[in-house]
Structures are given as C-alpha cells and as structure tokens.
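Coordinate analysis (summary)
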Amino acid sequence: MASPIPPDEPNEPNRAEQIGATQSGTKKDYGLRRGVLSPMETLAQSVSTIAPTTTPVATIPLVCALAGNGTWLAYMLATAAVLLVALCISRFARYSSSPGSLYTYASMILPPWMAAVAAWSLLLAYIATGASVAGGFYHYANVLLVDGTNHTTSTVFLTVVVTGLSMWIASRDVKVSARLMLWFEATSLVAILAVVVLVLAGQGPHLDKEQLHLRGMTGSGLRLGLVLALFSFVGFESATTLGAEARNPLKTIPRAVIQSSIIAGAFFTISAYTEVLGFHIAGQDLGASQAPMHLLARVAHVPAFGLLIDIGALVSLFAGTLACIIAAARVLLLMAHNGLAHGSLRATNVRHATPTRSVLVTGTATFLPVAVLAARGASGLDVYGWMGSLATYGFIAAYASVCLALPRYLHTHGVFQPGARMISALAACAMLLALVGNLYPVPEGPYGKLPLIYLGYLTLAMLWFLAARRKVERQIS
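Quick caveat: nothing in here was measured; it's all calculated off a predicted structure.

1. Here we look at the overall build of the protein
If you tally the helices and strands in the protein, you get 17 helices and zero strands. For 477 residues, the compact-globule estimate of 2.2 N^0.38 gives 23 Å, and the protein sits close to it at 22 Å. Here the C-alpha coordinates of the protein stretch approximately 75 × 50 × 40 Å along the principal axes. In the protein, buried positions account for 58% of the 477 residues. When the accessible surface of the protein is split by element, carbon and sulfur atoms take 67% of a total near 18,800 Å². The protein carries 29 positive and 19 negative side-chain charges, and their two centres are separated by 9 Å.

Structural data, given as structure tokens:
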C-alpha cells in the first residue's frame, strides 16, 4: 500500500518491501511472537470468531422464521458463497502473511483509498462482531442464572466481565488464548452434535419430506434467510490475522480459512435440518422459539443436554468475544504501522509480545456500544442482532475488495489461471447480492439505521485517511 507514512521513516515498510517480504514469508514480526501457533491453534482463531455454537441456539431460528422449510437450503447456498470467498482469500494467503489480514491483501493491489476502506471496514467488522457476541453472552448468562437461582444480574456488569476478561487474556501469551478458544469451542460443539445425532438416529433412515420438498417456502423468504445465514459465517477468515504468529503461515493459514468454512457450513446445514425436523416432531414453531436446543434435547430424550448446551453457548460467546478482540487488535496494529491509525498503537508488550495498546482500544470499542445498549434496557438477543448486522456491512466490503483484487494479484505472481477470474467474479457477485439483501427491502426499526451508521463511520475514517496523507505530503515537500 502507498502508505501515508514517509518511506524513509524508521520501521515503516514501503509497498515494494511489503509485497516482497510477504511473498517470501520472511517479513518482520511487528513485535509479535513468530511461529508459535500450531495448525490447530490457528484454526481455532477462525472457528472461535465464527462462534458456531451460537448459530443453532440464536441464528437458525431467525433464518427459519423467514425461510421455513428452506432453512437447510439457505445454509447450503450460504456455504457455497462463503467457500467462493474462502478460495479467493486462501489464494492470497498462500503468498502473503501478516497481522493485517484482508487489509494487507487489498493494500498490495488496490488504490490506497480502497485499501483504507477495506482496513476500516474490517476493523469495524471484528469490533461489531465482538459486541454482538458480548450481547449474546449477557443474555445466556442471565438465562442460566434464572434456571439456577431464579434471579438475574446487571447486564452492564456481565458486559464488563466478558469484555474485561477477554482483553486481559488477549494481552497475555497468544498460545494461551488460542488453546482456550480451541477447548471452549470443541466442548460446546460436541454437546450440540450429540443432540443432533440422537434426533437423527431416532428417525432412522427416513427423511423429512416437508423440508426436502421446500413446502411453504417463498423466494423472498429464502433470499432474506440467506442473508441471515451468511452472518453465521462471518469471521471465518480471521486466522489470516495471525500471519506473524502462525507456524508455517503460508500453508497453515490457507488451510484454516478453507477448513473453517467447510466445517462451519456442514455443521450449520445439518443443525438447521435437524432443528426444523425436531420442531416438526414436537409440533412447534422453530421461528418463534427462544430456547430451541431445550426442545431439541427433549425430542432426543436427553433433556439435561438443553442446560449443557446453554452453558456451551455461554462459553462459545465468550470465546467469540476473545477471538474478535484478538483479530481486531492485530488489524489495528498493522494499520498503525501503515499510517492509518495513531502511531502509538504500533507498540507491543515486551514480555508477552502482544499488541496491548491495540487490545485496549479494540476491547473498549467492543465494550462501549454493548454497555450503552444494555444500560438502556436492550435485550441481549437484540444487541446480538443489531451489532451482528452492522458487522456484516464491514465484512461484505472487505470480502468484496479482496475478491476483486485477486486476479491482478495472481498476475503479479505469475500464477494466474482463467478459473481464478471466474471464482473472483462469482464471489464478488455473491457479496453484492448479500449487500442488496441487507438493504432491500429497507429493514424496519434499528436495522434500517445501520447502513447510515456504517456510512457515517466510513466517512470519518476516510477523512482521517485524507488528513494523514496531506500531512505526509507537506512533510515531504
């Protein structure tokens, strides 16, 4: 990227150095601990950012309210769209590794202003996703407290707990964070999969004809359900933020990006089919359910698993908050190195080799909207939906930027193939359709204001970018 920082300023790589270094995998570590994360720990970053446990308990019912018996199809189509984007991102990740994630990829090909849009959009996406799952955390924390004590506690206090603890862990050794996320998600997923298997086993070889025949599904319902289904996947690429810390990053990160999208897609599709099936058996409406896994556990004749899954959801939401703060901090770190954020955010902790100042900033940005909304009485599920939808705009912009940049990037490395242009175009079209689905028809209530919030945020970010460039130009002249 043509950085706003003068090329002769210490510690600031120019564009040629950045491209050459990332291609060889020998670029500087930005003060982070190089090569400490195993392939499984790298994969854990992407899986935890997705927070897959939250989809069966919170997102699938919302998709079902729109797509009905086509819920499984919405997730299949979403998986296909995400895989197209994952293929584009993985091609970049084979030749480039840095903490900047998709921003780094965009900055090597796109004009500086477009790279800045990708950077600020990605930063917002990770922060808003962290806020979304923090809202879900205080919802499920109070659900468990009501079950156990018949009382609730302050939602603002719970927000302080989840974001404060996540910030503390994110400032420690990155291996500790990765291992915690790995075990948290594995435990949660095992509980849900056990219920899914028991429900399917109870039905034997018979298939749900109402779902297979898409009975009652409408085209508009499928389209809107598909948009929500895509939100289940956001963050699948966050392993790319570990470019300086992953072991053998040019191999492990592309694999993590593809593996996380495939694992999530299979899990979501099977869970969607099973949940709709379970509610058919029980004669209830999944789209109106506030605790779908409780009913599914009863259908599977393991009612105790309902409580276990709620605990798993709580743990998964915590892991998701942690993963988002880790990813956002590393993007902000590289933005500071490239002049898109204040220079003080380049600093890393000498002992732990983590970007503690960036963690503090991104963690605080994650906490504030959730705390304000919680103090105003917003439910955790409302915060989950509002902030998650805001994050979607940022992710769509970042994904589309990378997809559009891929053909030229491959040309510069002499590895371009005709099929890459088609994959790039299809992935960009999928993101465009997702954007249209978010904007039309115009959502009601707070959801209708989210595009304006995103555009206002982006306007301020670009003003900062232009001011920084002008300052550098004056210094050079």
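2. Examining unusual backbone geometry
In this model, alanine 51 sits at a positive phi of 50°, which is unusual for a non-glycine residue. Along the chain, the position of alanine 51 falls in the loop between α2 (39–50) and α3 (54–67). What makes alanine 51 buried here is its relative accessible area of 1%. One non-glycine residue, leucine 214, lies in positive phi territory at about 55°. Its location among the elements puts leucine 214 in the loop between α9 (209–212) and α10 (219–231). For leucine 214, a relative accessible area of 23% translates into the label partly exposed.

3. Digging into the packing of helix α8 (residues 174–202) against helix α13 (residues 304–337)
When two helices pack together, their arrangement is captured by the angle between the axes and the distance separating the axes. One can describe the packing of α8 onto α13 by two numbers: an axis separation of 9 Å at closest approach and a directional angle of 150°. Remark: the crossing between α8 and α13 carries left-handed chirality. On α13, the residues touching Val174, Ser177, Met181, Phe184, Glu185, Ser188, Ala191, Ile192, Ala194 and Val195 of α8 are Phe305, Leu308, Ile309, Gly312, Val315, Ser316, Phe318, Ala319, Leu322, Ala323, Ile326 and Arg330. Considered class by class, the residues forming the contact of α8 with α13 number 16 nonpolar, four polar and two charged.

Rules used in this analysis
- Residues numbered from 1 in each chain as written.
- Predicted model: local features only at pLDDT ≥ 70, side-chain atom pairs only at ≥ 80, totals over all residues.
- Heavy atoms only, no water.
- Helix = DSSP H or I, 4+ residues; strand = E, 2+ residues; numbered from the N terminus.
- Rg over C-alpha atoms; globule rule 2.2 N^0.38 Å.
- Buried < 20%, exposed > 50% of the residue type's maximum accessible area, 1.4 Å probe, protein only.
- Areas by Shrake-Rupley, 256 points an atom, 1.4 Å probe, with all protein chains shown as cover.
- Lys, Arg positive; Asp, Glu negative; His and termini not counted.
- Charge placed at Lys NZ, Arg CZ, Asp CG, Glu CD.
- Axes fitted to C-alpha atoms, helices over the stretch in contact; angles between N-to-C directions.
- Left-handed = near helix turned anticlockwise from the far one by under 90°.
- Contact = heavy atoms within 4.5 Å.
- Nonpolar A, V, L, I, M, F, W, Y, C, P; charged D, E, K, R; others polar.

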